[in-house]
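Each chain, letter by letter, is given below.
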Amino acid sequence: MFRVLFVCTGNICRSPTAEGIFQMLVDNGGLSDQIETDSAGLGSWHSGAAPDPRSMETALRRGIDISAQQARTVRPNDFEQFNLVLAMNLSNFSALKDLCPNPLAARIRMFMDFAPGAAKHDVPDPYHGADDGFERVFDMIETGAKGWLAELELNHLK
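Structural notes, computed from the coordinates. (Residues numbered from 1 in each chain as written. Predicted model: local features only at pLDDT ≥ 70, side-chain atom pairs only at ≥ 80, totals over all residues. Heavy atoms only, no water.)

**Brief notes about the side chain of Thr58**
The line we're drawing: Strands here are runs of E lasting at least two residues and helices are runs of H or I lasting at least four, both read from the DSSP assignment and numbered beginning at the N terminus. Residue exposure (1.4 Å probe, protein chains only): buried if accessible area is under 20% of the type maximum, exposed if over 50%, otherwise partly exposed. Here a residue-residue contact requires only that any non-hydrogen atoms of the pair lie within 4.5 Å.
Summarising the element assignment, Thr58 is placed in helix H2 (residues 53-61). Among the residues examined, Thr58 registers a relative accessible area of 3% and is labelled buried. Non-local contacts of Thr58, meaning those with residues more than four positions away in its chain, are made with Phe134, Glu135 and Phe138.

**A few points about the sheet that holds strand S3 (residues 84-87)**
Keep this limit in mind: Pairing between strands requires that DSSP locate at least two bridges from one strand to the other. Comment: axis = line fitted to C-alpha atoms, over the contacting stretch for helices; angle = value between 0 and 180 degrees taken between N-to-C directions.
Here we have four strands laid out as an open sheet, ordered S2-S1-S3-S4, and parallel in their pairing. Every interior strand has two partners, whereas the edge strands, strand S2 (35-41) and strand S4 (108-110), have only one. Pairs of neighbouring strands in the sheet enclose a mean axial angle of 25°, with direction left out of account. Alignment of strand S1 (residues 2-8) against S3, held across four bridges, turns out to be parallel. The residue bridging Phe6 from the neighbouring strand is Leu86, located in S3. Against the sheet, helix H1 (residues 14-28) makes contact with S1 and S2, and its axis sits at roughly 175° relative to S2, the strand it touches most. Its contacts with the sheet place helix H4 (residues 90-99) against S1, S3 and S4, and it is angled at close to 175° to S4.

**Remarks on unusual backbone geometry**
The backbone phi angle of Asn11 is positive, close to 65°, even though this residue is not glycine. By the secondary structure assignment, Asn11 is in the loop between S1 and H1.

**Side note on the side chain of Asn92**
Structurally, Asn92 is set in helix H4. What Asn92 contacts, discounting residues up to four positions off in sequence, is Val7, Cys8, Thr9, Arg14, Leu42 and Ala87.

**Overview of the packing of aromatic side chains**
This is how the line gets drawn: When the centres of two rings from Phe, Tyr and Trp lie within 6.5 Å, Trp using its six-membered ring, the rings pair. Their planes under 30 degrees apart give stacked, over 60 give edge-to-face, and anything left gives tilted. Here, over-ring charges are defined by two tests on the NZ atom of lysine or the CZ atom of arginine: distance to the ring centre within 6 Å, and angle to the ring normal within 35 degrees.
All told, the structure shown has three aromatic pairs when counted by the stated rule. Taken together, a centroid distance of 6.0 Å and an interplanar angle of 65° make the contact between Phe6 and Phe111 edge-to-face. Taken together, the residues span a long stretch of sequence, with Phe6 in strand S1 and Phe111 in the loop between S4 and helix H5 (132-155) at a distance of 105 residues. Overall, the relative accessible area of 0% leaves Phe111 in the buried class. Relative to Trp148, the ring of Phe114 lies with its centre 4.6 Å away and its plane at 70°, an arrangement referred to as edge-to-face. With Phe114 in the loop between S4 and H5 and Trp148 in helix H5, the pair connects residues that are 34 residues apart, well separated along the chain. For Trp148, a relative accessible area of 2% gives the class buried. When the ring centre of Phe82 is taken as reference, the NZ or CZ atom of Arg3 above it lies at 4.2 Å.

**Points about the pattern of salt bridges**
Our working definition: Here, a salt bridge means any Lys or Arg side-chain nitrogen found within 4 Å of an Asp or Glu carboxyl oxygen.
Under the counting rule described, the total for this entry stands at eleven salt bridges. Shared partners join several salt bridges into a network, and the residues in it are Asp38, Arg72, Arg75 and Asp78.

**Points about the pairing of S3**
Side chains on a regular strand alternate between the two faces of the sheet. Keep this limit in mind: With the strands aimed away from the viewer, a crossover counts as right-handed if its path from the first strand over the helix to the second runs clockwise.
Going residue by residue along S3, you find Leu84 and Leu86 tucked away on one face and Val85 and Ala87 tucked away on the opposite face as well. Taken together, the three bridges between S3 and S4 define a ladder with parallel strand orientation. Counterpart to Ala87 in the pairing with S4 is Met110. One crossover worth recording links S3 to the parallel S4 by way of H4, and it is right-handed.

All we've got here are geometric facts, nothing functional implied.
This is the structure:
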């Protein structure tokens, strides 16, 4: 089983959206028996909470229900349990590198690394912005998720 963890700041906007989109792509591709997904945040202030209502509404409009997800904080054993830990921005990437045991640091990557034609390397945090930011972030995440799934199918799955 190849395990993928999506990480943002609080695990209520970007990473649950990424988990939901990626899981839908995995399910639609018939890969549920090969890929497992989860999401987490670097901060604990939202632990146990549902995703931001704006994230849930945006995802639901696009056919993905993320309402059952609950925020959690990155755990030390996540770096051992997940083959791939995807950071939503450079700040998250740096924080994850600081938390990760050095031998496992190569598992941490930027979420947008395999987004074809991506103009930005960071997925911006829509939390404090206008509601249309959630739509733009969804589009970015969808592109990144498709790119990562193609990468996994090509180089990491049997």
